[in-house]
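Examining the three-dimensional arrangement
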Amino acid sequence: MKRVLQLQNRIREVKNNLFKDRDMKSIDNDLLTIENEYRLPLIFHDYLIGHIFYRARVVNNLSNLTHWKQSDFWEVPTKFVSSYGRINSKHESVFYLSSDLMQTLKEIRYKYDRPVVVSAYMLTRQISSVQIGARFDESMIDGKTLSNEEELIECNLISDFFNDIFSYPVGKGTEYLYKFSILYRNLFHKRGRIALLKIQI
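Not measured: the values here are computed from a predicted model.

**Overview of the overall build of the chain**
Within the chain, the secondary structure is distributed over five helices and five strands. Starting at the N terminus and ending at the C terminus, the chain contains elements arranged as α-α-β-β-α-β-β-α-α-β. The dimensions of the chain, computed from C-alpha atoms along their principal axes, are 60 × 40 × 30 Å. Taking all 201 residues of the chain together, 35% fall into the buried category. A separation of at least 24 residues holds for 75% of the contacts in the chain among residues at least 6 apart in sequence. Of the roughly 12600 Å² of accessible surface on the chain, a fraction of 50% belongs to carbon and sulfur atoms. In the chain, which carries 29 positive and 24 negative side-chain charges, the distance between the mean positions of the two groups comes to 7 Å.

Here's what the structure looks like:
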């Protein structure tokens, strides 16, 4: 259990250092330390043809929809992305979608006194994702996915840690927390060609 205790301490140190003045390189070094010493928990999920995703946008006036073009239903153009997001850097456009209709409303902090447009997108080809924050159970100790209980505990500790990072509430003055989730996104992308990140919240 020594490795597990060391991992717990390492995660605690990283969480205690989530402050505004951290630069991206030092955050990345923290991640590399965990990645090099422990197994990165990966659970892949395939979305089949016909699966529907949702995206919600707050609008000032529903009458403006008559002027929308097809491009208005897709991601924000890079030139308009002036701040960090959950998984996007400045001037990086990311298409945020949800499989759950209510979740997409929650993501935009929907209020009933403001008009909202919800778009639905149906897959025309299968895509793969890696699930961030997925739970590992004892059935995965099969010699292939996981080798023993200690590895199971380690994977769940790291998975819970990632889940915390991606679900931190961010508001005015705490936007810097997005720097951490962006670097963790990069860590998952390095593991292969991943078309989509599925965040378990």
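**Concerning the environment of Cys-155**
Residue position: Cys-155 is located in helix 4 (residues 149–167). It is 7.0 Å that separates the C-alpha atoms of Cys-155 and Leu-40, two residues lying 115 residues apart in sequence. When sequence neighbours within four positions are dropped, the list of residues in contact with Cys-155 reads Arg-39, Pro-41, Phe-136 and Leu-146.

**Description of empty space enclosed by the protein**
The probe, sized like a water molecule, is rolled over the atoms to show the empty space still left. Evaluated as defined, the whole model comprises one cavity of 30 Å³ or more. Of the voids in this model, the largest cavity is the one considered here, and its volume is about 30 Å³. Lining of the largest cavity is provided by Pro-41, Leu-42, Ile-43, Gln-131, Ile-132, Gly-133, Ala-134, Phe-136, Ser-159 and Phe-188. Partitioned by chemical class, the residues of the lining of the largest cavity number seven nonpolar, three polar and no charged.

**A short note on the nonpolar core**
Across soluble globular proteins, you tend to see nonpolar side chains buried next to one another. Ranked by size, the top nonpolar core spans 26 residues in total, and within it Ile-34, Phe-161, Phe-162, Phe-180 and Tyr-184 carry the most contacts. Elements with a contribution of two residues or more to this core: helix 1 (2–16), helix 2 (24–37), strand 4 (127–132), helix 4 and helix 5 (177–189). In terms of residue count, the dominant contributor to this core is helix 5 (seven residues). Not counting the four nearest positions on each side in its chain, Ile-34 is found in contact with Leu-7, Arg-10, Ile-11, Val-14, Ile-158 and Phe-161. Within the second largest apolar cluster, seven residues are counted, among which are Met-140, Leu-146, Leu-152 and Cys-155.

**Considerations on the pairing of strand 4**
Taking burial as the measure, the six residues of strand 4 include five buried ones, the bulk of the element. Inspection of the sheet shows strand 1 (residues 44–47) paired to strand 4 by four bridges, in the antiparallel sense. Counterpart to Asp-46 in the pairing with strand 4 is Ser-128.

**As for a nonpolar patch on the surface**
A cluster of nonpolar side chains, namely Leu-101, Met-102 and Val-118, defines an oily patch on the protein surface of about 260 Å² accessible area. Locating Val-118 in the fold gives a position in strand 3 (residues 116–122). Given the relative accessible area of 37%, Val-118 is considered partly exposed.

**Side note on the confidence of the model for the chain**
Caution applies to low-pLDDT regions: their predicted coordinates should not be interpreted in detail. Looking at the chain, pLDDT values average 81 and 93% of them are 70 or higher. Within the chain, strand 3 carries the highest mean pLDDT (92), whereas strand 5 (residues 196–199) carries the lowest (50).

**A short note on the pattern of salt bridges**
Summed over all chains, the structure comprises four salt bridges. Among the ionic pairs, Asp-164 bridges to Lys-15, the shortest N-O distance being 2.6 Å. In this pair, Asp-164 is assigned in helix 4 and Lys-15 in helix 1, connecting sequence segments 149 residues apart. Asp-164 gets classed as partly exposed once you look at its relative accessible area, which sits at 29%. On the basis of relative accessibility, which here comes to 29%, the residue Lys-15 falls in the partly exposed class.

What counts and what doesn't
- Residues numbered from 1 in each chain as written.
- Predicted model: local features only at pLDDT ≥ 70, side-chain atom pairs only at ≥ 80, totals over all residues.
- Heavy atoms only, no water.
- Helix = DSSP H or I, 4+ residues; strand = E, 2+ residues; numbered from the N terminus.
- Buried < 20%, exposed > 50% of the residue type's maximum accessible area, 1.4 Å probe, protein only.
- Contact = heavy atoms within 4.5 Å.
- Areas by Shrake-Rupley, 256 points an atom, 1.4 Å probe, with all protein chains shown as cover.
- Lys, Arg positive; Asp, Glu negative; His and termini not counted.
- Charge placed at Lys NZ, Arg CZ, Asp CG, Glu CD.
- 1 Å grid on protein atoms, 1.4 Å probe; cavity = no way out; pocket = protein on both sides within 12 Å on 5 of 7 lines; lining within 4 Å.
- Points joined across faces, edges and corners; volume = space filled by probe spheres on them.
- Nonpolar A, V, L, I, M, F, W, Y, C, P; charged D, E, K, R; others polar.
- Core = buried A, V, L, I, M, F, W, Y, C linked by side-chain atoms within 4.5 Å.
- Pairing = 2+ DSSP bridges.
- Patch = residues over 30% accessible without salt bridge, like charges linked within 9 Å, V, L, I, M, F, W, Y side chains within 5 Å.
- Salt bridge = Lys/Arg side-chain N within 4 Å of Asp/Glu carboxyl O.
- pLDDT = per-residue confidence, 0-100.

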